[in-house]
Amino acid sequence: MLASLQKYCKFEDIAPRTYDRCRGMFFSTVVTADAKMFACLHHRQDPDYLIGDMRGEGKTLEEVWNSYRKWMVYESIDVSICPPFCRNDSFNGVLAELDKDMIHKEFM
Ligand code: SF4
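### So, the overall build of the protein chain
Counting secondary structure elements, the protein chain contains five helices and three strands. Counted from the first residue to the last, the protein chain has its helices and strands arranged as α-β-β-β-α-α-α-α. Principal-axis analysis of the C-alpha atoms gives the protein chain an extent of 45 × 35 × 25 Å. Residues counted as buried form 15% of the 108 residues belonging to the protein chain. The long-range share in the protein chain, meaning contacts at least 24 apart out of those at least 6 apart in sequence, stands at 49%.

Quick look at the structure:
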């Protein structure tokens, strides 16, 4: 509840995104009830964000997760059109910072 309050207070002062990639999709991918894997919950059932269809394609979770399609979806995501304060917003900000060149990055 506290985390939600903090998040929704930010709606009064929406700042531009500090990242241009959704690295968070590798940590909070969504598998829907019909056995489809999508990049995130906000874009579930959108074919552009479909990583794989385990039921329809007869693939295992591991096969879908390790598919080339996952990287295609990752490369195609345009975060500028994603909803503000989405599921991975804060996570993406942190991961973008960690991706920058910095001294002793390995200790982060
Ligand atoms: S809405 Fe957020 S979590 Fe979903 S793809 Fe866009 S940046 Fe990633």
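### A short note on the environment of Lys-105
Summarising the element assignment, Lys-105 is placed in the segment after helix 5 (89–99). On the basis of neighbour count, Lys-105 is assigned to the exposed category, with 10 C-beta atoms found within 10 Å. Considered as a pair, Lys-105 and Asn-66 are 39 residues apart in the sequence and their alpha carbons are 27 Å apart.

### Let's talk about the site of the ligand
Taken together, 15 residues surround the ligand, and among them Cys-22, Cys-40, Cys-82, Cys-86 and Asn-88 come closest. Within the shell around the ligand, the residues separate by chemical class into nine nonpolar, five polar and one charged.

### Description of the sheet that holds strand 1 (residues 30–31)
Taken in spatial order, the three strands make up an open sheet running 1-2-3, and their pairing is antiparallel. The sheet is open, and its two edges are formed by strand 1 and strand 3 (50–53), each paired on a single side.

### A look at the nonpolar core
Residues Cys-22, Met-25, Met-37, Phe-38, Ala-39, Cys-40, Tyr-49, Ile-51, Val-64 and Val-73 constitute the largest nonpolar core, which totals ten residues. Leaving out residues up to four positions away in the same chain, Phe-38 has contacts with Val-30, Thr-32, His-43, Arg-44, Tyr-49, Leu-50 and Ile-51.

Rules behind the numbers
- Residues numbered from 1 in each chain as written.
- Predicted model: local features only at pLDDT ≥ 70, side-chain atom pairs only at ≥ 80, totals over all residues.
- Helix = DSSP H or I, 4+ residues; strand = E, 2+ residues; numbered from the N terminus.
- Buried ≥ 20, exposed ≤ 12 C-beta atoms within 10 Å, placed from the backbone.
- Contact = placed C-beta atoms within 7 Å.
- Near = placed C-beta within 6 Å.
- Nonpolar A, V, L, I, M, F, W, Y, C, P; charged D, E, K, R; others polar.
- Pairing = 2+ DSSP bridges.
- Core = buried A, V, L, I, M, F, W, Y, C linked by C-beta atoms within 7 Å.

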